[in-house]
Amino acid sequence: MMTLSLALRNLLRNRRRSLATLLAMAIGSTSILLFGGYSTNINYTMHTEYVQTGGHLQIQHRDFYLYGSGNPTAYGIADYAQIIAAIQSDEVLRGMVLVATPTLQFGGIAGNYAASVSRTIIGNGFVAEDINRMRRWNDFNLRSASPAFALEGAAADAAIVGTGVARVLQLCDALKIARCPKPEKEPKPDGKALPDDIAQLSLQEVPAAAAGAGSGARRIEVLAGNSKGAPNVTSLEVIRAEEQGFKELDEVYVMMHLAKTQQLIYGKSPPKVTSIILQLRHSDQIPAAMARLTPILTRFSATQPLAVLDFRTLNPFYVQTVQLFDTIFGFIFALIGAIVLFTVSNTMNTAVVERTVEIGTLRAVGLRRGGIRRLFVTEGALLGLCGAVLGVVLALLLAGVSNQMGLTWSAPGSVEPLPLTLRVWGETGMILGTTFGLICIAVLSAWWPAYRAAQLNVVDALRHV
Amino acid sequence: MTDQTTSQSGSQGPVAVLTQVEKTYHMDSISVPVIKGVDILVRHACFTVLLGPSGSGKTTLLNMIGCIDRPDKGEIIVADCKVGDLNDDALSDFRAKNIGFIFQNFNLLPVLSAYENIEYPLLLAGASAKKRGDRVPKLLDAVGLGDKAKNLPGQLSGGQRQRVAIARALARKPKLVIADEPTANLDSQTGAAILNLMRRMVERYQISFLFSSHDPEVIKAADDTIFLKDGTIRGIRRKGQEDAS
């Protein structure tokens, strides 16, 4: 108690120097926490987006993830309805699983006959009601809400395409897509250059629908190989175009009803799906849910090897982004830690020099070397604690002000600008980790000056001028 | 014991006994012998003064008797303990229990009040709050600073600071108080008052005081005076007696 009181008074003795050290630490701590808050928000935003669109877990054919993309015939899951029923009737999983929904992915070609254009696509069949339920997942209480999935309640042949698909298939006018560039047309030879009868024929070949914007102008045909290897075609009405974030995905993505997709791929054969998406109440339930799923899936694995993949495995970009921000956070922490280390060390070294006679006096009246070490280390720890706490308070204030300013940012892979939220409040682990880390650094920086002070020869210390 | 040693007095044994003590300082390649085979006996409850010119080795001798420095050769016994056998921690504990220090520059802890400065050695000893509460006010009263308990050293005059230092030195009822020129930084009137106070403390608490000083008033007040020159004892005078040497 005496050591603590003495250390505190010694710090107050040279207020200006202590304050400068405290401010250096506080600014460092604030910077770490604000960046941590920003990084956490990115993590939560991406996490939420991936869980909203693809769930926490997906049950797939064992090899679908690596080899089966675009080949639903070879890697489809039969009996998927029974698997979903088994999951929903399991007393443990029932409490964890919010949504269990099948999905079917395939590769094919989409064409707009009226505009004489086509392109390869990746098609996905969903149960629209389930997708809308999944989009309501918001375990991190983000301020932004996902738009409703437009396929719910839409006609059986309705489809949603990426804006890139709409652009390539020249559906922009029909779908009223703003900022949709059109290809520059090559100059056509006018009719005078042609013989009259040929020019007349050419004009008759221009499809009437290409110029109009009626529902006929939104129809596309999708071609895919069916389960027997034969090509199959279905006609879809595009009801909406949604930007997919990444250009590569945006130019190939087509979403449609699961039933329509199964009809396209499997015809009258028993329908299958490529994945069963499971969305859990909370992300930390993933290990428990996976463990619980294993025996259930074993029952269905006799003819089709099944595997459960979590959303991190399915979305390596998410993991890479989080790792990138963690690395930057670690780098910033190390940088600021080094500054704190030298600042506190400098302050304590100066204190030792200034108080050399005092150290000699304390030793003469009977304080052991350990007592001297404790005194200076306690001063360092107090500096660390006060600086870190001040930093936390500053970070909370600045984050609060920033969050109220309505700033926005665009997350990687996200389309809509998102509210810029610095998540400091509530991030107890980050706050305690940063505080404890800085205190440790402060103690470490005080240790060497404290050791030097304790090793001083008493006579030399008392003679010090 | 050589003929240069003061004799033991009273029923109590000597507080400090030095036998053939030597000390040499080494500065780069130069060795400077400061104390050369000194034998001293410091009597119980006596006012002993080390007298000698600058560089004679007074402070070095005080430091070794005060257990903050070690001799190169010879033996030092303080309060019946061979202090040469103690390690650093044991020596610290020994100082805390048996030796009080009064410095020329007072050396009070500037962040502690007069009360807390006196209380500090008791805290080091782990004395209970009750014991500290009893002892410190008595010491403050004894040195005439009962009304200055809450003052920081910066709010006290030189004489008052030295009074606090005396009270701090006496806090744990040590066997020996070492004082290195305690009146050197005080005016003659204050110095005389401090000397008088220390004299009273010797009588009141039956503690031995060992000084180094040039002050004739200090020498006049001393029971024993040890004359030191060039690291050797040149003479010892006991009050009311002829030179021992």
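Here the structure is a predicted model, which is why all the values come from computation and not from measurement.

K.L.:
What is the right way to read the pairing of strand β3 (residues 47-51) of chain B from this model?
P.N.:
Walk down a regular strand and you will see the side chains alternate between the two sheet faces. Residues and elements named next belong to chain B. Within β3, five of the five residues are buried, which leaves the element mostly enclosed by the surrounding structure. Burial along β3 is two-sided: Phe47, Val49 and Leu51 facing one way and Thr48 and Leu50 facing the other are all buried. As paired strands, β3 and strand β8 (residues 208-212) are joined by four bridges and run parallel to one another. Residue pairing for β8: Thr48 is matched across the bridge by Leu210. Bridge count between β3 and strand β9 (residues 224-229): four bridges; the pairing is parallel. Bridge pairing links Leu50 to Ile226 in β9.

K.L.:
So what exactly am I meant to see when it comes to the side chain of Ser18(A) here?
P.N.:
Residue and element names in this part refer to chain A. Considering the arrangement of structural elements, one finds Ser18 in helix α2 (residues 15-54). On the basis of relative accessibility, which here comes to 10%, the residue Ser18 falls in the buried class. When near neighbours in sequence (up to four residues on either side) are disregarded, Ser18 contacts Leu11 and Leu383.

K.L.:
What is the right way to read the pattern of salt bridges from this model?
P.N.:
Pairing is possible between side chains that carry opposite charge, provided their charged atoms lie close to one another. All names here are of chain A. Enumeration according to the criterion identifies 29 salt bridges over all chains in this entry. Its salt-bridge partner being Glu242, residue Arg135 comes within 3.9 Å of it at the nearest N-O pair. Of this pair, Arg135 sits in the loop between α7 (128-134) and β4 (158-162) while Glu242 sits in strand β6 (residues 231-242), and the two are 107 residues apart along the sequence. With respect to class, Arg135 is no different from Glu242; both count as buried. The closest approach of N and O atoms between Arg463 and Asp460, which form a salt bridge, is 3.8 Å. Of this pair, Arg463 and Asp460 both sit in helix α20 (residues 458-463), three residues apart, which is roughly one turn of the helix. Residue classification places Arg463 among the partly exposed positions, given a relative accessible area of 46%. When salt bridges with common partners are traced through the structure, they connect Arg13, Arg355, Glu358 and Glu379 into a single cluster.

K.L.:
How should the interface of chain A and chain B be read in this particular structure?
P.N.:
Many descriptions give the size of an interface as the accessible area lost when the pieces come together. Contact with chain A, which involves 20 residues of that partner, is made by 23 residues of chain B. In total, chain A and chain B occlude about 2,100 Å² of area from one another, counting both sides; carbon and sulfur atoms represent 62% of this. Linking chain A with chain B are five salt bridges. Between Arg368(A) and Asp93(B) there is a salt bridge, with the nearest N and O atoms lying 2.4 Å from each other. Linking chain A with chain B are 10 residue pairs in polar contact (both at pLDDT 80 or more).

K.L.:
I tried to follow the packing of helix α5 (residues 158-170) of chain B against helix α6 (residues 188-205) of chain B on my own but got confused; where do I start?
P.N.:
The geometry of a pair of packed helices is captured by two quantities: the angle between their axes and the separation between those axes. All names here are of chain B. Interhelical geometry of α5 versus α6 gives an angle of 15° and a closest axis separation of 10 Å. For the element pair α5 / α6, the angle class is roughly parallel. In this structure, the crossing between α5 and α6 has a hand that is right-handed. Counted together, Gly159, Gln162, Arg163, Ile166 and Leu170 of α5 and Thr190, Ala193, Ile194, Leu197, Met198, Met201 and Tyr205 of α6 form the full contact between these two elements. Residue composition of the contact of α5 with α6, grouped by class: eight nonpolar, three polar and one charged.

K.L.:
Is there a simple way to explain the sheet that holds strand β2 (residues 30-42) of chain B in this structure?
P.N.:
The strands that make up a sheet are held in pairs by hydrogen bonds between backbone atoms, and each pair lies either parallel or antiparallel. Residues and elements named next belong to chain B. Taken in spatial order, the four strands of this open sheet run β2-β1-β4-β5, and their pairing is antiparallel. Of all the strands in the sheet, just β2 and β5 (81-82) have a single pairing partner and so form its edges. Sheet topology note: the strand β1 (residues 16-27)/β2 ladder contains nine bridges and is antiparallel. Counted as the bridge partner of Val21 is Val38 from β2. Set on the sheet, helix α1 (residues 58-65) makes contact with β1, β2 and β4 (73-78); between it and β1 the angle comes to about 120°.

K.L.:
Just to check I follow, could you spell out the sheet that holds β3(B) for this structure?
P.N.:
All names here are of chain B. An order of β6-β7-β8-β3-β9-β10 is seen for the six strands of this open sheet, with the pairing classed as mixed. Bordering the open sheet on either side are β6 (99-102) and β10 (232-238), each of which pairs with just one other strand. Across this sheet, the average inter-strand angle for adjacent strands is 20°, counted without regard to direction. The strands touched by α1 are β3, β6, β7 (176-180), β8 and β9; relative to β7, the strand with the most contacts, the crossing angle is about 155°. Together, β6, β7 and β8 form the strand contacts of α5, whose direction differs from that of β6 by roughly 170°.

K.L.:
Looking at this model, I keep getting lost on the confidence of the model for chain B. Mind explaining?
P.N.:
Where the model shows low pLDDT, its predicted coordinates should not be examined in detail. Residues and elements named next belong to chain B. With 93% of its residues at a pLDDT of 70 or more, chain B has an overall mean of 86. Mean pLDDT across the elements of chain B bottoms out in helix α7 (residues 216-221) (80) and peaks in β4 (94). Overall, residues 1-10 carries pLDDT values under 50, and its contacts beyond four positions in sequence, including any with other chains, amount to 25 contacts. Taken together, the chains of this predicted complex give a pTM of 0.77 and an interface ipTM of 0.89.

What counts and how
By convention here, each chain's residues receive numbers from 1 onward along its written sequence. Numbering of ligands from 1 and lettering of chains from A proceed in the order in which they are written. Only residues with pLDDT of at least 70 are given local features in this predicted model, and only at 80 or more are side-chain atom pairs given and counted; all residues enter the totals for whole chains, interfaces and linings. Values shown for side chains rest on all heavy atoms present in the structure; no hydrogens or waters enter the calculation. Throughout this description, buried means an accessible area under 20% of the type-specific maximum (1.4 Å probe, protein chains only), exposed means over 50%, and partly exposed covers the range between. Numbering goes from the N terminus for both helices and strands, where a helix is a DSSP run of H or I of at least four residues and a strand is a run of E of at least two. For two strands to count as paired, DSSP must find a minimum of two bridges between them. Contacts are assigned to residue pairs that have any heavy atoms within 4.5 Å of one another. Salt-bridge detection follows one rule: a side-chain nitrogen of Lys or Arg within 4 Å of a carboxyl oxygen of Asp or Glu. The buried area of a pairing is the accessible area, by a 1.4 Å probe, that goes missing from both parts when the two are put together, added over both. Polar contacts here mean pairs of N or O atoms no more than 3.5 Å apart (in protein, one a potential hydrogen donor and the other a potential acceptor; neighbouring residues in sequence count only if both atoms are side-chain atoms). Structural elements are reduced to axes, namely lines fitted to C-alpha atoms, with helices fitted over the stretch in contact, and the angle between N-to-C directions of any two is expressed from 0 to 180 degrees. When an angle is under 35 degrees it counts as roughly parallel; over 145 it counts as roughly antiparallel; between 65 and 115 it counts as roughly perpendicular; any other value is oblique. Handedness of each helix crossing follows the sense of rotation of the near helix against the far helix: counterclockwise by less than a right angle gives left-handed, clockwise gives right-handed. Residues are grouped as follows: Ala, Val, Leu, Ile, Met, Phe, Trp, Tyr, Cys and Pro are nonpolar; Asp, Glu, Lys and Arg are charged; all remaining types, including Gly, are polar. The predictor rates its confidence in each residue with pLDDT, a number between 0 and 100.

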